[in-house]
Amino acid sequence: MEQLLPESWIYMHFALILMITCVQVLVIYILGDSSNPPAGLGMFTVYFMAALLGWIAFTLQQGTGSHMTVDVPSVAVIINTYILFLAAGQRSGVRKGRYLLGSICLLAVLSGLALPQEQMFIVQVSATTLFFVAAGLLCAQRGYALGNLGDGILSLASIIMLLSLPVVLYYMLVKEDRLYAQGVALGSYSAAYVLVAIGFLISVLIEYQGHLAQLATHDPLSKVYNRRGMDEALQLSLAAAQRRDLSTSAIMVDIDHFNQINDSFGPEVGDHLIRKIATILKNMSRSSDVVARVDGKKFMLVLPETKLDPAKILAERIRLAIGERQLLVAEQRIAVTASVGVTTIRGEITLDALSREADQALYLAKQSGRNQVASIDHDLVHLSNNLAGS
């Protein structure tokens, strides 16, 4: 590429790019150390660092005014925009097109060894536009699906590149004004890079904010509600039950001998068991039911508009389902059982009252030998000895 800018402006331009890249790398470093790093973080890190190296090569070439056999900045831009496509694919979970565009990238890079700089410039702007458009489509699809504004901003970068392509080709091929064409290409690529940086930053911050909001209401291990999330999820249904004098049932599930399993086989096995029980409860509950992990080994289900008998039937099915799914650790099968407490309250209901009575029923089940279902209907106590699936 020929010299485009005065030397002072070149270094000012590079300083701006360096500052933007450093901010991005700092944000990536902070988010990468979190418990839930954003999707595509690794490839976007490679993209920003590769882009910085490309800008360094461009600045050095412009500052020295040297003419190299191979247009290194053009080759760097081609490779870097292909990395952007890979990063967008990793972030959106789409793997299609990698090999096809990778082959195009390789051919474009190899052409830099044979083509003069004028023709190489045309290859560069065409290839980079193609990769930007492909990445933009992936980002637009992801932004629409998730409602993420940042991904939408990322996709705008491809629009800038796409709109600038005919202008660059017109001034290069028709007007034969190579300097102006290169200036347009540099400006469009710089604007696209800034949009990618801003869009990615906004996208991951939106996701991170959503992750923090979910942590406030969900248990990170089991992915079901925690106590606070259950309270928020039940506000409307409990108010409706009180207003319409409806019954609401609660099921408390406690894993038998969980501490022994955890101590004997390690916390990883214990965590796997927690996730397994949570999956069983989610699969066996209705969409209107609310499942929460309320203690280390204890889960609670709240069943709106449900009387005691249907709740007891579901509790027994849960008990049997847990007992049927043994843990397999180092080719050793571990029997897992659960004690279950059930209660029903009608009319004026609070989550604390449901939890307290379900806990009382659970205590009865554990005191009676575990692996049982016990229930409380206000002053009436029902104990069902269902050992061996009877």
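Residues numbered from 1 in each chain as written. Predicted model: local features only at pLDDT ≥ 70, side-chain atom pairs only at ≥ 80, totals over all residues. Heavy atoms only, no water.

Colleague: Give a detailed account of the overall build of the protein chain, specifying residues and quantitative values.
Modeller: Across its full length, the protein chain holds 13 helices and 8 strands. Residues classed as buried in the protein chain amount to 48% of the 390 residues present. Of the contacts made within the protein chain by residues no fewer than 6 positions apart, 73% connect residues no fewer than 24 positions apart. Carbon and sulfur atoms make up 60% of the accessible area of the protein chain, which amounts to about 19300 Å² in all. (Helix = DSSP H or I, 4+ residues; strand = E, 2+ residues; numbered from the N terminus. Buried < 20%, exposed > 50% of the residue type's maximum accessible area, 1.4 Å probe, protein only. Contact = heavy atoms within 4.5 Å. Areas by Shrake-Rupley, 256 points an atom, 1.4 Å probe, with all protein chains shown as cover.)

Colleague: Describe the confidence of the model for the protein chain, naming the residues involved and giving the relevant values.
Modeller: Taken as a whole, the protein chain shows an average pLDDT of 83; of its residues, 83% reach a score of 70 or greater. Mean pLDDT values over the elements of the protein chain span from 48, in strand β8 (residues 380-384), up to 95, in strand β3 (residues 298-303). Throughout residues 379-383 the model reports pLDDT below 50, and contacts reaching past four residues in sequence, or to other chains, amount to 13 contacts. Contacts of residues 385-390 to residues separated by more than four positions or lying in other chains number 12 contacts, the stretch itself having pLDDT below 50. (pLDDT = per-residue confidence, 0-100.)

Colleague: So what's going on with the environment of Tyr363? Which residues, and what values?
Modeller: Residue placement: Tyr363 occurs in helix α13 (residues 351-367). The exposed category is assigned to Tyr363, whose relative accessible area is 52%.

Colleague: Before we move on, can you summarise the nonpolar core with the specific residues and values?
Modeller: In terms of nonpolar packing, the biggest core is built from 39 residues, with Phe44, Tyr47, Phe48, Ile78, Phe132 and Val196 touching the most fellow members. For this core, the element with the highest residue contribution is helix α3 (residues 72-92), accounting for 9 residues. Sequence-distant contacts of Phe132, defined by excluding residues within four places in its chain, comprise Tyr47, Thr81, Leu84, Ala157, Ser158, Met161, Tyr189, Ala192 and Val196. (Core = buried A, V, L, I, M, F, W, Y, C linked by side-chain atoms within 4.5 Å.)

Colleague: Go over the pattern of salt bridges, please, and point to the residues and values.
Modeller: Tallied over the entire structure, the rule returns 16 salt bridges. Between Arg91 and Glu207 there is a salt bridge, with its nearest N and O atoms 3.2 Å apart. Pair noted here: Arg91 is in helix α3 and Glu207 is in helix α7 (residues 178-217), with a separation of 116 residues, a long-range link. Overall, the relative accessible area of 23% leaves Glu207 in the partly exposed class. Residue Arg228 is joined to Glu232 by a salt bridge in which the shortest nitrogen-to-oxygen separation is 3.4 Å. Taken as a pair, Arg228 and Glu232 lie in helix α8 (residues 227-233) at a separation of 4 residues, close to a single helical turn. For Arg228, a relative accessible area of 52% corresponds to the exposed category. (Salt bridge = Lys/Arg side-chain N within 4 Å of Asp/Glu carboxyl O.)

Colleague: With reference to specific residues and values, describe the pairing of strand β2 (residues 290-295).
Modeller: Relative to β3, β2 runs antiparallel, the two being bridged by 5 bridges. In the sheet register, Asp295 faces β3, and the bridge partner there is Lys298. Linkage of β2 to β3, two consecutive antiparallel strands, is achieved through a turn of 2 residues. (Pairing = 2+ DSSP bridges.)

Colleague: Could you give me a rundown of helix α9 (residues 235-244), with the residues and numbers involved?
Modeller: Within an α-helix, residues lying three or four positions from one another point in the same direction, as the helix has 3.6 residues per turn. Buried residues of α9: Leu238, Ala240 and Ala241, and no others. Across the axial projection of α9, the buried residues extend over an arc of 160°, all falling on one side. Among the exposed residues of α9, those oriented more than 90 degrees off its buried face are Leu236 and Arg243. Of the surrounding elements, those touching the buried residues of α9 are β1 (247-255) and α13. Positive backbone phi, approximately 55°, marks Asp245, located one or two places after α9. (Arc of directions from axis to C-beta.)

Colleague: Explain the side chain of Ser203 residue by residue, including any values.
Modeller: In this structure, Ser203 sits in helix α7. Here Ser203 falls in the buried class, since its relative accessible area comes to 0%. Separated by 2.5 Å, the side chains of Ser203 and Arg91 make a polar contact. Once you skip the residues sitting within four places of it in the chain, Ser203 turns out to touch Arg91, Arg142, Asn148, Gly150 and Asp151. (Polar contact = N/O pair within 3.5 Å; in protein donor to acceptor, adjacent residues only side chain to side chain.)

Colleague: Describe the packing of α3 against α7, listing the residues and the values that go with them.
Modeller: When two helices pack together, their arrangement is given by the angle between the helix axes and by the axis-to-axis distance. Viewed as axis vectors pointing N to C, α3 and α7 meet at an angle of 20°, and their least axial separation amounts to 13 Å. It follows that α3 is roughly parallel to α7 by the angle criterion. For the pair α3 and α7, the sense of crossing is left-handed. Contacts between α3 and α7 pair Val77, Asn80, Thr81, Leu84 and Arg91 from the former with Tyr189, Val196, Phe200, Ser203, Val204 and Glu207 from the latter. In terms of residue class, the contact of α3 with α7 is made up of 6 nonpolar, 3 polar and 2 charged. (Axes fitted to C-alpha atoms, helices over the stretch in contact; angles between N-to-C directions. Parallel < 35°, antiparallel > 145°, perpendicular 65-115°, else oblique. Left-handed = near helix turned anticlockwise from the far one by under 90°. Nonpolar A, V, L, I, M, F, W, Y, C, P; charged D, E, K, R; others polar.)

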